[in-house]
Amino acid sequence: MLESRWGYAYLVPALLILVAFTFGPALFVVYISFFNWNLLDPALSHPVGLENFTRLLGSARFIGSLVVSLYFTLATVAASALAGLGIALLLNRHTIGRSTARVAVFTPYVTPLVATSIIWIWIFNPQFGLANAVLSAVGLPELQWLESTTWALPAVIMYTLWHNLGFTVIIFLAGLTTISRELSDAARVDGANAWQELRWVTLPQLVPTILFVVVISSIGALQAFTQFYTMTGGGPLGATTTTSYLLYQEAFVFYHTGPAAALAVILFLITAGLTLAQLRLGRNRGATA
Amino acid sequence: MWVLITSLNTPDQVLTFPPSFVPHWQWQNYVLAWEAAPWARYFLNTIFIASTTVVLVIVTSALAGFAFGALRFPGRDALFLLVLSALMIPPTVLLVPDYIVLKDISWLDTYWAQIVPWGASVFGIFMVRQFVSTLPAELADAAEIDGASSLRYLWSVVVPLVRPALITIALYVGIGSWDSFVWPFIMTSSPSVQPVEVGLATFYGTNGTEWTQLSAAAVFTTLPVLVFFLVAQRQFLEGAFSTAGGLKG
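Residues numbered from 1 in each chain as written. Chains lettered and ligands numbered in written order. Predicted model: local features only at pLDDT ≥ 70, side-chain atom pairs only at ≥ 80, totals over all residues. Heavy atoms only, no water.

A. Structural context of the overall build of chain A. Secondary structure assignment for chain A yields 12 helices and 3 strands. Considering chain A as a whole, with its 289 residues, one finds that 50% of them fall into the buried category. In the structure as shown, chain A presents an accessible area of about 13,800 Å², 68% of it carried by carbon and sulfur atoms. Treating the 12 positive side-chain charges of chain A as one cloud and the 10 negative ones as another, the clouds have centres 8 Å apart. (Helix = DSSP H or I, 4+ residues; strand = E, 2+ residues; numbered from the N terminus. Buried < 20%, exposed > 50% of the residue type's maximum accessible area, 1.4 Å probe, protein only. Areas by Shrake-Rupley, 256 points an atom, 1.4 Å probe, with all protein chains shown as cover. Lys, Arg positive; Asp, Glu negative; His and termini not counted. Charge placed at Lys NZ, Arg CZ, Asp CG, Glu CD.)

So, in structure tokens, the structure goes:
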């Protein structure tokens, strides 16, 4: 390894950008969250202590948005982890056509959200859409989907699953390549059936991967915005207003900069909590294993 | 498939139930959609923003990743931890303060606002560092004996060896920039600097009921990304694989 006084010089471009647009603003948003901030004339801003936070905690809109975010996050994370694991196990078992299948599964993940969510709006169209055609073909009642307070969120969840599943599958496939073949062979020699092998041999070795998938997709789900903006606009009647969507509305529709900053701080605390929980869980496992 | 067919149908056929799967080859939907918005401008903006962002990220990642992986200086590990901690700050949290920062430096509604804030990638720095730290120490020793400066060593020895990592970074940053919506949507307002995705959202806002033209627009804005991905799919999947493997450890 080279001893170099010039080490810092190499870091300057990256650090300059990170400080100016990530670390600096992250501190700045905490500062703003204690103010009644005037976007047009910052000189007119005045400190309000914790008022932005206490107002939020007492507002039905904020609590409602947390419920929507929690629903959306739990549903997308649980479904994509389960389905992702299932598809990865299938792809791992069959070698014929695997690389084609991998590409097919991954493709939706690289498509732009605005374009493909517009297509799904059409799929969920109550009069002419594919979703209701399928429902009526199997004899189920048709739904109002994005226009219904009950079904709008599940519709956005289905779109999000379609878009993100491929990423989860690839991560699980990567995880599966690291598990020991000898252990699986030994289990089979001892007479374990496919389920027992999965439950007692494969899954325990996949725990770090599952943890990684859960944390990464939870953080992603908490940030989700684009599909809500195009598919529902947070409606109907706030039924799909997540905390991230509320932040956008407060900041850039109503220009309530202070409360929006408080929302950002809360979102940051949740994200940081999730990341630290993952690190901690990972470390505990390492210690006990 | 269904989208392709819808984009080629007449408006009357779209409004039938159950949906019709017989295409009617109405290529003029594409012509009409293309003429209804400044798509050429949007596409040029996207290509310009994505390619300059990629170049900037490659330069900053190669320099910082090299320093973290191959050079020794006081405070290096602490600085690396600091860089990694940026992963805990999600973009949504930064929308409000960065809007104010960009407003203060008069970068709102410019290309700058869409390129520079995305010019440093923690993922990129991390990946280059991982690659560089696996290079044999003899390489650096040989360079030192030859009297090569560290910059020369980086340029003529390290860069060629970490090319696979740089390509993966370029692909992911490029697609990420092409697909990005929230940031340009908030930070820009004129079609003259806006990218395709924002243009498509605007088009949807004004032509929301013209489903044949709308699906035509959805098709021609997605197609470039799809072709790009299918051509480079091997690098994409290997990149995702190695990242997942690297982060797990």
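That was the structure; now back to the text.
B. Quick look at the overall build of chain B. Counting its secondary structure elements, chain B contains 15 helices and 1 strand. When the 249 residues of chain B are sorted by exposure, 53% land in the buried category. In chain B, once contacts between residues fewer than 6 apart in sequence are set aside, the share between residues at least 24 apart is 73%. Summing over all exposed atoms, chain B offers an accessible surface of approximately 11,100 Å²; the carbon and sulfur share of this is 68%. (Contact = heavy atoms within 4.5 Å.)

C. Seen up close, helix H5 (residues 76-85) of chain B. Residues Arg76(B), Phe80(B) and Val83(B) constitute the buried set of H5(B). Within H5(B), the buried residues cover an arc of 60° as seen down the axis, which keeps them to one side. Facing away from the buried side of H5(B), by more than 90 degrees, are the exposed residues Ala78(B) and Leu81(B). At its buried positions, H5(B) is contacted by helix H1 (7-32) of chain A together with helix H4 (39-70), strand E1 (71-72) and helix H8 (122-133) of chain B. (Arc of directions from axis to C-beta.)

D. Region of the structure containing the interface of chain A and chain B. With 75 residues of chain A at the contact, the number on the chain B side is 83 residues. Each partner contributes to the roughly 7,400 Å² buried at the junction of chain A and chain B, and carbon and sulfur atoms together form 80% of this total. Here chain A and chain B share 6 residue pairs in polar contact (both at pLDDT 80 or more) between them. By residue number, the principal contributor to the side of chain A that touches chain B is H1(A), which donates 18 residues. Split by residue class, the side of chain A that touches chain B holds 52 nonpolar, 20 polar and 3 charged. (Buried area = accessible area lost by both parts, 1.4 Å probe. Polar contact = N/O pair within 3.5 Å; in protein donor to acceptor, adjacent residues only side chain to side chain. Nonpolar A, V, L, I, M, F, W, Y, C, P; charged D, E, K, R; others polar.)

E. Up close: the environment of Leu32(B). Residue and element names in this part refer to chain B. With respect to the secondary-structure elements, Leu 32 resides in helix H3 (residues 28-35). Exposure remark for Leu 32: the relative accessible area of 41% places this residue in the partly exposed category. Residues Leu 32 and Thr 168, 136 residues apart in the sequence, show an inter-C-alpha distance of 37 Å.

F. How the structure looks around the pattern of salt bridges. Residue and element names in this part refer to chain A. As enumerated under the stated definition, the model contains 5 salt bridges over all chains in all. A salt bridge links Glu 250 to Arg 61, with the nearest nitrogen and oxygen atoms 3.8 Å apart. Taken together, the residues Glu 250 in helix H11 (residues 243-253) and Arg 61 in helix H3 (residues 60-93) connect sequence positions 189 residues apart. Across the pair Glu 197 and Arg 188 runs a salt bridge whose closest N-O atoms are separated by 3.1 Å. Of the residues examined, Arg 188 reaches a relative accessible area of 46% and is grouped as partly exposed. Among the charged side chains, a salt-bridge network with shared partners connects Asp 185, Arg 188 and Glu 197. (Salt bridge = Lys/Arg side-chain N within 4 Å of Asp/Glu carboxyl O.)

G. The arrangement of a nonpolar patch on the surface in detail. All names here are of chain A. On the surface, a nonpolar cluster with roughly 290 Å² of combined accessible area is contributed by Ile 63, Leu 66, Val 67 and Ile 270. Top contributing element to the nonpolar patch by residue count: H3, with 3 residues. Mapped onto the elements of the fold, Val 67 is located in helix H3. Judged by its relative accessible area of 52%, Val 67 is exposed. (Patch = residues over 30% accessible without salt bridge, like charges linked within 9 Å, V, L, I, M, F, W, Y side chains within 5 Å.)

H. The arrangement of unusual backbone geometry in detail. Residue and element names in this part refer to chain A. Residue Gly 235 is joined to Pro 236 through a cis peptide bond whose omega torsion reads -10°. Mapped onto the fold, Pro 236 is located in the loop between helix H10 (226-231) and H11. Not every positive phi belongs to a glycine, and Leu 237 is a case in point at roughly 55°. Summarising the element assignment, Leu 237 is placed in the loop between H10 and H11.

I. Expanded view of the packing of helix H8 (residues 181-189) of chain A against helix H9 (residues 194-223) of chain A. Residues and elements named next belong to chain A. With their axes 10 Å apart at the nearest point, H8 and H9 run at an angle of 165° to one another. Comparing their axes, H9 and H8 come out roughly antiparallel. Every pair of crossing elements has a handedness; the one defined by H8 and H9 is right-handed. Where H8 abuts H9, its residues Leu 183, Ser 184, Ala 187 and Arg 188 lie against Glu 197, Val 201 and Gln 205. (Axes fitted to C-alpha atoms, helices over the stretch in contact; angles between N-to-C directions. Parallel < 35°, antiparallel > 145°, perpendicular 65-115°, else oblique. Left-handed = near helix turned anticlockwise from the far one by under 90°.)

J. Summary view of the packing of H4(B) against helix H13 (residues 196-206) of chain B. All names here are of chain B. Axis separation between H4 and H13 bottoms out at 8 Å; the angle between their running directions is 150°. With respect to their mutual orientation, H4 and H13 come out roughly antiparallel. Contacts between H4 and H13 involve Trp 39, Tyr 42, Phe 43 and Thr 46 on the former and, on the latter, Val 196, Gly 199, Leu 200 and Phe 203.

K. Broad picture of H3(B). The set of residues buried in H3(B) consists of Asn29(B), Tyr30(B) and Ala33(B). Taken around the axis of H3(B), the buried residues stretch over an arc of 100°, which confines them to a single face.

L. Up close: empty space enclosed by the protein. Within this structure, the stated rule accounts for 2 cavities of 30 Å³ or more. Taken as a whole, the second largest cavity spans an internal volume of roughly 40 Å³. In this structure, the second largest cavity is lined by Leu39(A), Ala251(A), Phe252(A), Thr257(A), Val96(B), Tyr99(B) and Ile100(B). Going through the elements one at a time, H11 of chain A together with helix H6 (91-104) of chain B are the ones with two or more residues in the lining of the second largest cavity. The dominant element in the lining of the second largest cavity, judged by the number of residues it contributes, is H6(B), at 3 residues. (1 Å grid on protein atoms, 1.4 Å probe; cavity = no way out; pocket = protein on both sides within 12 Å on 5 of 7 lines; lining within 4 Å. Points joined across faces, edges and corners; volume = space filled by probe spheres on them.)

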